[in-house]
Amino acid sequence: MAGSKCTRLNGALIKQVLDSVDSVLFDCDGVIWRGDSAVPGAAEVINLLKKHGKNVYFVTNNSSKTRKLYAQKMGRMGFNVKEEDVFGTAYCTAMYLKTVANFKGKVYLIGSNALKQELEDVGIQQTGVGPDHISGAQSDWANVSLDAEVKAVVVGFDEHFSYMKVNRAMQYLNDPSCLFVATNTDTRLPLEGGKAVPGTGCLVTAVEMAAQRQAQKVGKPNGFMVDCVASQCGLDRSRCMMVGDRLDTDIMLGTNCGLKTVLTLTGVNTLADAQAHQGSGCPERQKMVPDYYVESIADLLPFLQG
Ligand SMILES: [Mg+2]
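As the structure is a prediction and not an experimental result, all values here were calculated from the model.

*Asks:* Mind showing me how you'd approach the sheet that holds strand β2 (residues 23–26) here?
*Replies:* Each strand in a sheet pairs with another by means of backbone hydrogen bonds, the pair being arranged parallel or else antiparallel. Strand order in this open sheet of seven strands is β1-β16-β15-β14-β2-β5-β6, and the pairing throughout is parallel. If you trace the sheet from one side to the other, it starts and ends with β1 (7–8) and β6 (86–88), each paired once. Judged from the three bridges that link them, strand β15 (residues 260–264) and strand β16 (residues 292–294) form a sheet pairing that is parallel. Bridge pairing in β16 links Val 262 to Tyr 292. Set on the sheet, helix α3 (residues 67–76) makes contact with β5 (55–60) and β6; between it and β6 the angle comes to about 125°.

*Asks:* Would you take a moment to explain the side chain of Ser 296 for this structure?
*Replies:* Here Ser 296 is to be found in the loop between β16 and α12 (301–305). Of the polar contacts made by the side chain of Ser 296, one reaches the backbone nitrogen of Ala 298; its length is 3.0 Å. Not counting the four nearest positions on each side in its chain, Ser 296 is found in contact with Val 39, Pro 40, Thr 264 and Thr 266.

*Asks:* Would you mind going over the coordination of the magnesium ion with me for this structure?
*Replies:* In a perfect tetrahedron of four donors around a metal, the angles come out at 109.5 degrees. In a perfect octahedron of six, they are 90 or 180 degrees. Coordination of the magnesium ion by the protein is provided by Asp 27 (OD), Asp 29 (O) and Asp 245 (OD), with metal-donor distances spanning 2.0 to 2.2 Å. On the primary sequence, the residues serving as donors to the magnesium ion are separated as D-x1-D-x215-D. Here Asp 29 is found in the loop between β2 and β3 (33–34), whereas its partner Asp 245 is found in the loop between β14 (240–244) and α9 (247–256), with 216 residues between them in sequence. By relative accessible area, which is 2% here, Asp 245 ends up buried.

*Asks:* Help me understand the sheet that holds strand β13 (residues 216–217), please; the structure alone is not making it clear to me.
*Replies:* Read from one edge of the open sheet, five strands run β8-β7-β9-β10-β13, paired in parallel fashion. Both outer strands of the open sheet, β8 (125–127) and β13, are each paired with one neighbouring strand and no more. On the sheet, helix α4 (residues 89–100) packs against β7 (106–110), β9 (150–155), β10 (179–182) and β13 and is oriented at approximately 155° with respect to β10. Each of β7, β9, β10 and β13 is contacted by helix α7 (residues 200–211), which is oriented at about 140° to β9, the strand it contacts most.

*Asks:* What exactly am I supposed to notice about the pattern of salt bridges here?
*Replies:* A side chain of one charge can pair with a side chain of the opposite charge when the charged atoms of the two come close. The final tally for this structure, using the stated rule, is 16 salt bridges. With a shortest N-O distance of 3.9 Å, Arg 246 and Asp 186 are connected by a salt bridge. On the criterion of sequence distance, the pair formed by Arg 246 in the loop between β14 and α9 and Asp 186 in the loop between β10 and β11 (188–190) is long-range, its members being 60 residues apart. Neither Arg 246 nor Asp 186 differs from the other in exposure class; each is buried. The partner of Lys 217 in a salt bridge is Glu 208, with the nearest N and O atoms 2.7 Å apart. Taking relative accessible area as the criterion, Lys 217 reaches 22% and is therefore assigned partly exposed.

*Asks:* It is not clear to me how the pairing of β10 should be interpreted in this structure. Could you clarify?
*Replies:* Regular strands have side chains that alternate between both faces of the sheet. As judged from the four bridges shared by β9 and β10, these two strands associate in the parallel manner. In the sheet register, Val 154 faces β10, and the bridge partner there is Val 181. Running through helix α6 (residues 163–173), the crossover from β9 to the neighbouring parallel element β10 is right-handed. Where β10 and β13 come together, two bridges link them in parallel fashion. When the bridges of β13 are listed, Val 181 appears paired with Gln 216.

Basis of the calculations
- Residues numbered from 1 in each chain as written.
- Predicted model: local features only at pLDDT ≥ 70, side-chain atom pairs only at ≥ 80, totals over all residues.
- Heavy atoms only, no water.
- Pairing = 2+ DSSP bridges.
- Helix = DSSP H or I, 4+ residues; strand = E, 2+ residues; numbered from the N terminus.
- Contact = heavy atoms within 4.5 Å.
- Axes fitted to C-alpha atoms, helices over the stretch in contact; angles between N-to-C directions.
- Polar contact = N/O pair within 3.5 Å; in protein donor to acceptor, adjacent residues only side chain to side chain.
- Donors = N, O, S within 2.8 Å, 3.2 Å for Na, K, Ca; no water.
- Buried < 20%, exposed > 50% of the residue type's maximum accessible area, 1.4 Å probe, protein only.
- Salt bridge = Lys/Arg side-chain N within 4 Å of Asp/Glu carboxyl O.
- Right-handed = clockwise from strand over helix to strand, strands pointing away.

Right under this line is the structure:
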C-alpha cells in the first residue's frame, strides 16, 4: 500500500522494491549471521542479489574485526564478498579520523587489535591495546603516566576494559583539544539462544561519565557509515536499501540517510517493537519504523531464484 510503513515484504512487492534499488546495505549480526552460524539462506540471497546486478555492502557497528577478517568469515560461510564491500566501525573510525577530523597525532585506544590494525593501515599510531591493571595508591592515579603525542581518545569494543583505562582516558580528555571518538553505542551484543553480553555502549558511557564529555560516534545511526560507502563506491541514496535487525541503529540510519528500510526479524527487534514506534505518535520514534519487514532475508529467495 502506497504511503504505509512497516509492510510485509513478500510476493510481487519483492520485485517492485528490488527493481527500485541498485544497492543494498546489510547489517551483519542478526541479519546474515548469528554468532558463528549463517542465517539459513543468507549466503544464497547475497550471492543472487549480486547476480541480479545489485551492489551489496555490509555495514556493521561491531569493531572487533578488520575488513579483511570480516571478508574471511563471510567467505567461510559461502558469501561471495570482497574486503572492499565491508564497512565495519574499526575501519570507518580510522577513516573518520583521517578524512573528517584530518587527525594528526597518536590515539589512546580503548579497543581491540582489529581497531589497532585499521588505524595503523591509514597511518595512525596508537597506544593502549591490551590489559591495563590498577597499580600504585589511589592518590597516584590522577598522575598516571601519559603519552604527550596522544591527541585523541578512541573507544571501541575492548575485552580488557578496566578502571585504569577509564582513568587514563579521562586524564587525556581533561585537555579540551583532545578528540573523543567512539566506534558505536550498541548496548548489548546478542548471542545465540537469546543470550547477550555488554556492548561497546557500556564502555563509551563509562568514559563519557568520567570525562564529562560526549564522544563523537562513528557507527550507526550516524550517517558517516553511509558517507563512507558513498565516497568509496558511489552510492545513489535514492536507489539504496538498508536491511537490519535493530530499529535504533539500522533503521534509524536508513531513515536519517533517506534510504529504503527493511527490518529482518532474525535478530534483536520484533515486529511488535516496530509497531509500538509506529503507534506512538512521536515524530522521533517514527524514524525507527521500517518501510518493510521480512521474517528473514531468506524471504527474498523465491523471487531471486525465479
Ligand atoms: Mg545487527
